[in-house]
Structure formats: C-alpha cells, structure tokens
Amino acid sequence: MHRVFGRVFVLLSLSLSTVLGQSDYTYTAYGGGANCQGQIWASTATGSNYGNVCDDSWDAFDGNAYCQSVSGGLAVEVTTGSAWGTNKIGFLAGNFGCVSGDTSLTSCTMSFSTDTTCSSTEISGVVCSACSTASNYPKGTARLVGGATPCEGVVQVANDNIWGYMKGSAMTAAVATTVCKSLGFTGYSAFSASTISSFSSAVTSVTVYNSYSVTGATCGSTDTHLANCTLQRVSETLNAAAVASIACTGSSSCSYNSWGGSSYESGGVHDGTTWYAPNTGGLVDLFLPIFMGAFGAFILFILISFYVLNLKKQRKGCFAPKRRPVKKVAPAAISRPQPARAVPSSTVQAAPAVRKEAALAVQPTAPNSSGVGAASVVSSTPAYTANGNANEDVGDAGADDDVAVQ
C-alpha cells in the first residue's frame, strides 16, 4: 500500500512541476546593454510573474545554454554576485542543472528551492562570445551597462578591435550627446567623468572587460555616432573609479533611471519595454496557483487511495459479491384431486385376454359320482398395467394350459 501511495505522490509531483515547469518561462538578460550579456531574468509569457535567476549552482553549462538560446555563441564568462548591479526584484528560478548539449535554459533541470535563500547580491549573469567580440560591431558602437534601465550606465565602446570602457576624462557634453543619440535617445540628463557607485559593480566584477577602449574623444554638435568622432586609445591600466557614466533621456524607460530620472522607483528594473516594480519574490506571485495545484493534487491523492484500499478489500473477500436480482414468478395453481366419476358400461370395452403367465385361482368342488372332486377353474380379475391398459385375460376353462388336480 505504501509503495502505491508513493508512486501516486511522485506522479502528482511531476504533474505539478509540469504545470509550473520550465516551458512557462522566458529568459532574457538585462543590465548589459544587449541581450547577449547581463544578468539573467525569468518571466512568464504574460509578465505577471517575474524575477531574477539565483546564482546558486550557476556555471558555464548554464551560461552556454542561455547564450545559444539568444544566438550569442558560447559563454566567455559567467558572473555571480550581482555583477551587473543590484535591485529589489525577487527570485523566480535557480539551481539550474544544464549539461553539455543543452541549447536553452528551458531544456535544463531547475528547481525553486533557492528562491527564499538568495539575496539581492546573488543574481546570476553571463557574457556571451557574440557580445565580447568587437569585430561583430562597427567601430564606435557604444553600450551602457550596470544601470536599472537601458538609458543609463557606464560606457563601453568597441574600438581598436576590443571592447572596453571609456575613460572618464574623455567624457564631455558633446560626447555624452553623441553616445545617447547613437543609442536612439535624444540627449542626456547627466554624465560623469567618474564611475557612479550604483554602476561600479559592472566595472569591478566583469573581468572580460579589463581595459580602456577609449581614453580620449572629440565629437561635433551634429555627430550622432561615435564613429563620426575622433577616438583615441592609449594603453593604460584600468581605474575602476574613473570610467565615464551617462544617463540618457528621450524614452519612456528613461524616466525610471536610477540616476537622473524624474519618477524613479528605487529597486525596479526596466528591460526597454516593461518596467518591473520591486517585489518580494517570484513565488509570492505564484502562491495562488501553487496552492490550488497542491489542493487539487491532495484531493486526487485521497480519491486514488480510497479506490486502491477498496480494491484490496474486495480481493480479500471483505465485500460480498453482488447477487443478481431474483425474478418474481406468480405461484402456480394448486392441483387438487378430482373425485372419480362413474363410467357408463356402454363405454367400457372388453378387456383383452390376460397373458398366459397370469396366475389362475383353482377352487375345489363337491365330489362327483366317482368320488373324485372335480376342479373348476376361475380366472382371476384382469390385471392392469401402470399406463391403465388391461393385461390380456388368462382365458376360460378351455385354455390350453393343463391344471394339476389333486
């Protein structure tokens, strides 16, 4: 019985995990200025449930699976410890178990067990090869990394065949305007020659980008791309505190900037399309469906258990088998003996002769004149068979059979 219950419980658990399983989620990267790098984000198709991916058990196999899912090549670096910035968004996934050959996080094993143990400094991230290879991008291409929205962050530039940071001393108002316009914004709300503290982790924790790609820049007022500017690169040791920072304007997402925004809500994340407000964790949003699923599984478990128990009792004979209903039949009429009726003599036929083997009654008579008593033969009463027919009569005195006379 316990083994049956165990199997039922496993099946119900698998069913529940399917309902809340991997196929329900979409994974993207944010905070890296492109989908091929940044921190990993999980959300449902409707966006009603969302959260970070915890960095517990996060490794190169998991990073490779994500990178391939966005056509980003392979992971050149997997990051932990919220390398691209912290926020107040809860966790929706963690403990991935990807293996070689997995091409998407949705095909990997995953559990929710870390959702309540991960903190804001334990967000997983990745740098895919497509993002780190400068030859994939035109010279002067810029990215803003480490911010809460695509409108802000420290400045990365593809220049001189490498991706690196722009030195703070190269930042001017004209350069800031050109960088923001090249990214599709109208201008800037703030810029700095020093690294803004909220963006600093992107510089200090992501080791792939460990140098300056631009140490000096000169842009005109009409330039809309850094490729139109004069860019210089001198080999210098990267100073994490001296990286240029910008906050751009001209998009609805820019109003949520953590630096220089007008209606910023601290701790949220904007992916360029949707603003995700701070929450207490992905599982809070899933409480109702999880509760309903668990309750339904419990009821199903009880019904199956009751069925199995009754089945076993029936096999042991505890329940009497059902009897077929007896069809009621009206009682037959009682047969009563009928009185004998006299049969007219005219209707009686002569009885056939009795067989020769019938017994004959011999009666003595008075002695005749010679002194010897003569014998008179009297036939016995006709005998009838069981079917009512008379046996053949023995015959009269003239029968051929001899009678001994004493």
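Residues numbered from 1 in each chain as written. Predicted model: local features only at pLDDT ≥ 70, side-chain atom pairs only at ≥ 80, totals over all residues. Heavy atoms only, no water.

Peer 1: Tell me about the overall build of the chain, residues and numbers included.
Peer 2: Summing up its helical and strand segments, the chain has seven helices and 18 strands in all. Relative to its 406 residues, the chain shows a buried fraction of 36%. Accessible surface, the chain: about 22800 Å² in total, of which carbon and sulfur atoms supply 56%. (Helix = DSSP H or I, 4+ residues; strand = E, 2+ residues; numbered from the N terminus. Buried < 20%, exposed > 50% of the residue type's maximum accessible area, 1.4 Å probe, protein only. Areas by Shrake-Rupley, 256 points an atom, 1.4 Å probe, with all protein chains shown as cover.)

Peer 1: Summarise the packing of aromatic side chains; cite the residues concerned and give the values.
Peer 2: By the definition in use, this model includes 11 aromatic pairs. By way of ring pairs, the aromatic residues Tyr 30, Trp 41, Tyr 50 and Tyr 276 are connected into one cluster. Cation over ring: Arg 143 sits above Tyr 137, and NZ or CZ is 5.7 Å from the ring centre. The ring of Trp 163 has Arg 143 lying over it, and the distance from NZ or CZ to the ring centre is 3.5 Å. (Phe/Tyr/Trp six-rings, centres within 6.5 Å; stacked < 30°, edge-to-face > 60°. Lys NZ or Arg CZ within 6 Å of the ring centre and 35° of its normal.)

Peer 1: How would you sum up the state of the cysteines? Please name residues and give values.
Peer 2: Applying the stated rule across the entire model yields seven disulfides. Between the sulfur atoms of Cys 36 and its disulfide mate Cys 131 the distance is 1.7 Å. Between Cys 36 and Cys 131, the disulfide has an S-S torsion of 75° and is therefore right-handed. Here Cys 36, found in the loop between strand E1 (25-34) and strand E2 (37-44), pairs with Cys 131, found in helix H3 (residues 129-132); they are 95 residues apart in sequence, far enough to count as distant. For the pair shown, Cys 36 and Cys 131 are each scored as buried. A sulfur-sulfur separation of 2.1 Å characterises the disulfide bridge that pairs Cys 151 with Cys 254. One quick way to see it: the torsion about the S-S bond of Cys 151 and Cys 254 is about -80°, and its sign makes the bridge left-handed. Placement of the pair is Cys 151 in the loop between strand E7 (142-146) and strand E8 (152-159) and Cys 254 in the loop between strand E14 (245-249) and strand E15 (269-270), with a sequence separation of 103 residues. (Disulfide = S-S within 2.5 Å.)

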